Amino acid sequence: VTAGKHGEALAKLRSAIELYEKSWAELVDFTRLADTYAQAGVAAWNSGASAGDTTHLLEAGCTLLPTLVLDTRKKGDGKREGLRPLFESLQERLGKAAKASVSVAGVPEGAEAYVDGVKLAGSPLQSEPLLPGTHYVQVRGAGWEPWTQSVKVKGDRKSTRLNSSH
């Protein structure tokens, strides 16, 4: 990106996203995936991709990390007119979107449940309200076979309940 080769950068970032998505069950920190979506969105914008393609990538990043920020100060990182307003509009739309929670039941003693890498606490184990989109649920602990499931959260439901019982 810093060399101005936005199309090449976008292709590499899309490959990285594909690898992250294939191996998400092994991830502990989902911020890197969210950041990769954001960088791909910036590269898409700077390479002349459609606003829809750019928005799709940025939205995927914001779904995983609602506090996602674009750093447009660096050379080649989205200084083209329109990216900042596009991102701000996306954040405003997502801020108004209906959210839903994911709850996880059947977690074995000593195991922990996570949604998008964030540890769930309380009883029942329930996430904070999530933006609509794909989210990643993991149950893991010493001596337990990890249990994973991706889930599409829809804003028209208040919550989605999963049972991780083995």
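Please read these numbers as outputs of a predicted model, since none were measured by experiment. (Residues numbered from 1 in each chain as written. Predicted model: local features only at pLDDT ≥ 70, side-chain atom pairs only at ≥ 80, totals over all residues. Heavy atoms only, no water.)

Caption draft 1: Inspection of the pattern of salt bridges at higher detail. Per the counting criterion, the structure on display carries 5 salt bridges. Lys22 serves as the salt-bridge partner of Glu18, at 3.3 Å between the closest nitrogen and oxygen. Placement of the pair is Glu18 and Lys22 together in helix H1 (residues 6-22), with a separation of 4 residues, close to one helical turn. Residue classification places Glu18 among the partly exposed positions, given a relative accessible area of 44%. Between Glu112 and Lys119 there is a salt bridge, and its shortest N-O distance comes to 2.8 Å. (Salt bridge = Lys/Arg side-chain N within 4 Å of Asp/Glu carboxyl O. Helix = DSSP H or I, 4+ residues; strand = E, 2+ residues; numbered from the N terminus. Buried < 20%, exposed > 50% of the residue type's maximum accessible area, 1.4 Å probe, protein only.)

Caption draft 2: Just the pairing of strand S1 (residues 101-105), in detail. Most of S1 is tucked away, with 5 of its 5 residues classed as buried. Going residue by residue along S1, you find Ser101, Ser103 and Ala105 tucked away on one face and Val102 and Val104 tucked away on the opposite face as well.

Caption draft 3: The arrangement of the side chain of Gln138 in detail. In this fold, Gln138 is placed in strand S5 (residues 133-140). At 2.8 Å, the side chain of Gln138 forms a polar contact with the side chain of Arg140. With residues up to four places along the chain from it excluded, the contact list for Gln138 reads Trp24, Ala25, Glu26, Leu27, Phe30, Glu112, Ala113, Tyr114, Gly117, Trp147 and Thr148. (Polar contact = N/O pair within 3.5 Å; in protein donor to acceptor, adjacent residues only side chain to side chain. Contact = heavy atoms within 4.5 Å.)

Caption draft 4: Up close: the packing of H1 against helix H2 (residues 31-46). One can describe the packing of H1 onto H2 by two numbers: an axis separation of 9 Å at closest approach and a directional angle of 155°. Classified by the angle between their axes, H1 and H2 sit roughly antiparallel to one another. As for how H1 packs across H2, the hand of that crossing is left-handed. Between H1, through His6, Ala9, Leu10, Leu13, Ala16, Ile17, Tyr20 and Glu21, and H2, the contact on the second element is made entirely by Arg32, Leu33, Thr36, Tyr37, Gln39, Ala40, Ala43, Ala44 and Asn46. A per-class count over the contact of H1 with H2 returns 11 nonpolar, 4 polar and 2 charged. (Axes fitted to C-alpha atoms, helices over the stretch in contact; angles between N-to-C directions. Parallel < 35°, antiparallel > 145°, perpendicular 65-115°, else oblique. Left-handed = near helix turned anticlockwise from the far one by under 90°. Nonpolar A, V, L, I, M, F, W, Y, C, P; charged D, E, K, R; others polar.)

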